[in-house]
Structure formats: C-alpha cells, structure tokens
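Listed below are the residues making up each chain.
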Amino acid sequence: MYRYLLFYKPYNVLSQFTDEDVSQTNRGTLKDYIPIPSVYPVGRLDQDSEGLLLLTNNGRVQHRLSDRRFRHPRTYWVQVERIPDEAALNQLRNGVVIQGYHTRPALVQRLSEDPPLPPRQPPIRFRKSVPTSWLEITLTEGRNRQVRRMTAAVGFPTLRLVRVALGVAGKKHFTQIRLDGLEPGQWRDLTPTELEALQQL
C-alpha cells in the first residue's frame, strides 16, 4: 500500500533517515520524526533549510515530482539581508547565472509583512545595523542550494529559507500542497484532494 506523508522539516535536520557522518552529533535525521518504514523524501531540503518535505514509497510519483523536466512549482519564503529593489527582483524573475547555469524564470514578490512562521531554533544571526526583508519565490526547478545562490548572486544573501508549498499539475486540475496547520517536526498523511492530484500524475 502506498503512503504519502507531508512533513514540516525543522532547521538542522537532514532530508534522510541516516547520517553517515559520525563526526556530526548535533543534527537530526528523518528517523527522529517519521515512524513510517520504507518511505523516502521526494527531492531534498538542505540541513539549514526548513519546511515542506513530501515522503512516499511510490517510486513513480517520487520521480515525477523531483525530476526538473516536469517543472512542478515549489514556493519558498525567503528572509534576505537588506531590502531588494525592483531591479534585483526583476533579475531573480528573469533568471540569474549561478555556477555557469542560467536559472529558469521565477515568480518573485516582496512580502509586505513577515510571514506567519514559528521562530527558528536556533534563531538566525543577523546584524542589528542591517535590515532584513522577506520574499516569496516560486521555482519550477530544484537545483542544489538554488534559492540561496540566486539571492546571493543579486547581492541579498539568504538568512532563512522555508519551503511552504508544492504545486502538482494533474491531468484535470492544479493542486497546491501546503504546510498549513503543521508545526516544525510534525507530519500528516495527505488529504483526499491532495492524493487525487498525485494519482493523476
């Protein structure tokens, strides 16, 4: 029987069930939170990123959602140093060059207020003399540390990164799977509506 779980990955937790680096003793793994055997994450979130992680034992769905060719949108709330101007936002929207690769166009907007997120543990380190701002960025690809590299490329380093939504384009309609209602470290099974979208892939 296939299982589909939505997990709110906390900061300093690896997107895997075991930590091969025995020298690291202060970071968690999925095994600390997910008691369901034989499910695996769809894609990954870096250790220093937080938010939505989908897990399943359905290899076909895992491949469809994590392969860049299928362009499933992923939405992030991103706290950056300083206040990006419209020119910087347009650079992100049009794509920037990172490590010799030109990123795909992205949806980018500056949030007018801080998003409703729980405080990060431990808190981010920021400089009192430097303001920060929040962006909402939606990508249709997921390269390694892409959001952090994109904001750094336009001069606004990322301080905190939280994935809040995953878009699933089925044959009949588009569904957004969101983190709503979960706290860091919590997980739930997908709803019937979310499952229906996945089964259309």
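Residues numbered from 1 in each chain as written. Predicted model: local features only at pLDDT ≥ 70, side-chain atom pairs only at ≥ 80, totals over all residues. Heavy atoms only, no water.

The subject of this paragraph is the overall build of the protein. Each helix and strand in the protein was counted, giving four helices and 11 strands. Taking the principal axes of the C-alpha coordinates as reference, the protein spans close to 50 × 45 × 35 Å. Taking all 201 residues of the protein together, 49% fall into the buried category. For the protein, the proportion of contacts with a sequence separation of at least 24, taken over those separated by at least 6, is 70%. Counting every atom, the protein has about 10800 Å² of accessible surface; 49% of that belongs to carbon and sulfur. Treating the 29 positive side-chain charges of the protein as one cloud and the 20 negative ones as another, the clouds have centres 5 Å apart. (Helix = DSSP H or I, 4+ residues; strand = E, 2+ residues; numbered from the N terminus. Buried < 20%, exposed > 50% of the residue type's maximum accessible area, 1.4 Å probe, protein only. Contact = heavy atoms within 4.5 Å. Areas by Shrake-Rupley, 256 points an atom, 1.4 Å probe, with all protein chains shown as cover. Lys, Arg positive; Asp, Glu negative; His and termini not counted. Charge placed at Lys NZ, Arg CZ, Asp CG, Glu CD.)

With that settled, the discussion passes to helix 3 (residues 146–153). Among the residues of helix 3, Gln146, Val147, Arg148, Met150 and Thr151 are the ones counted as buried. Buried-residue contacts for helix 3 involve strand 4 (74–81), helix 2 (86–94), strand 5 (97–98), strand 8 (132–139) and strand 9 (158–169). Once helix 3 ends, the next one or two residues include Gly155, with phi positive near 90°.

Taking burial as the measure, the seven residues of strand 3 (residues 50–56) include seven buried ones, the bulk of the element. Where strand 1 (residues 4–9) and strand 3 come together, six bridges link them in antiparallel fashion. Following the sheet pairing, Phe7 is matched in strand 3 by Leu53. Where strand 2 (residues 40–41) meets strand 3, two bridges bridge the pair, whose relative direction is antiparallel. Considered in strand 3, the bridge of Pro41 is made with Leu55. Bridging between strand 3 and strand 9 involves two bridges; their strand directions are parallel. Bridge pairing links Gly51 to Arg163 in strand 9. (Pairing = 2+ DSSP bridges.)

Before going further, it helps to examine the layout of surface pockets. Taken as a whole, the largest pocket holds about 400 Å³ of empty space. Lining the largest pocket are 26 residues, and of these Arg44, Tyr76, Gly142, Arg143 and Arg163 lie nearest its centre. Those elements giving two or more residues to the lining of the largest pocket turn out to be strand 3, helix 1 (59–66), strand 4, helix 3 and strand 9. Split into classes, the residues belonging to the lining of the largest pocket amount to 11 nonpolar, six polar and nine charged. Of the voids in this model, the second largest pocket is the one considered here, and its volume is about 170 Å³. What lines the second largest pocket is simply Tyr8, Trp77, Pro116, Leu117, Pro118, Val164, Arg178, Leu179, Asp180, Gly181, Leu182 and Glu183. Per-class residue counts for the lining of the second largest pocket are eight nonpolar, one polar and three charged. (1 Å grid on protein atoms, 1.4 Å probe; cavity = no way out; pocket = protein on both sides within 12 Å on 5 of 7 lines; lining within 4 Å. Points joined across faces, edges and corners; volume = space filled by probe spheres on them. Nonpolar A, V, L, I, M, F, W, Y, C, P; charged D, E, K, R; others polar.)

One finds Leu54, Leu65, Leu190 and Leu198 to be the most contacted residues of the largest nonpolar core, which totals 22 residues. For this core, the element with the highest residue contribution is strand 9, accounting for five residues. Counting 19 residues, the second largest nonpolar core, distinct from the first, contains Tyr76, Val80, Val147 and Met150. (Core = buried A, V, L, I, M, F, W, Y, C linked by side-chain atoms within 4.5 Å.)

All chains considered together, the criterion is met by 11 salt bridges. A salt bridge links Arg145 to Asp48; the shortest N-O distance between them is 2.9 Å. Of the two residues, Arg145 is situated in the loop between strand 8 and helix 3 and Asp48 in the loop between strand 2 and strand 3; the sequence distance between them amounts to 97 residues. You can call Arg145 partly exposed: its relative accessible area is 30%. Across the pair Asp180 and Arg178 runs a salt bridge whose closest N-O atoms are separated by 3.7 Å. In this structure Asp180 comes out as exposed when scored by relative accessible area, which is 55%. One network of salt bridges, in which partners are shared, links Asp46, Asp48, Arg145 and Arg148. (Salt bridge = Lys/Arg side-chain N within 4 Å of Asp/Glu carboxyl O.)

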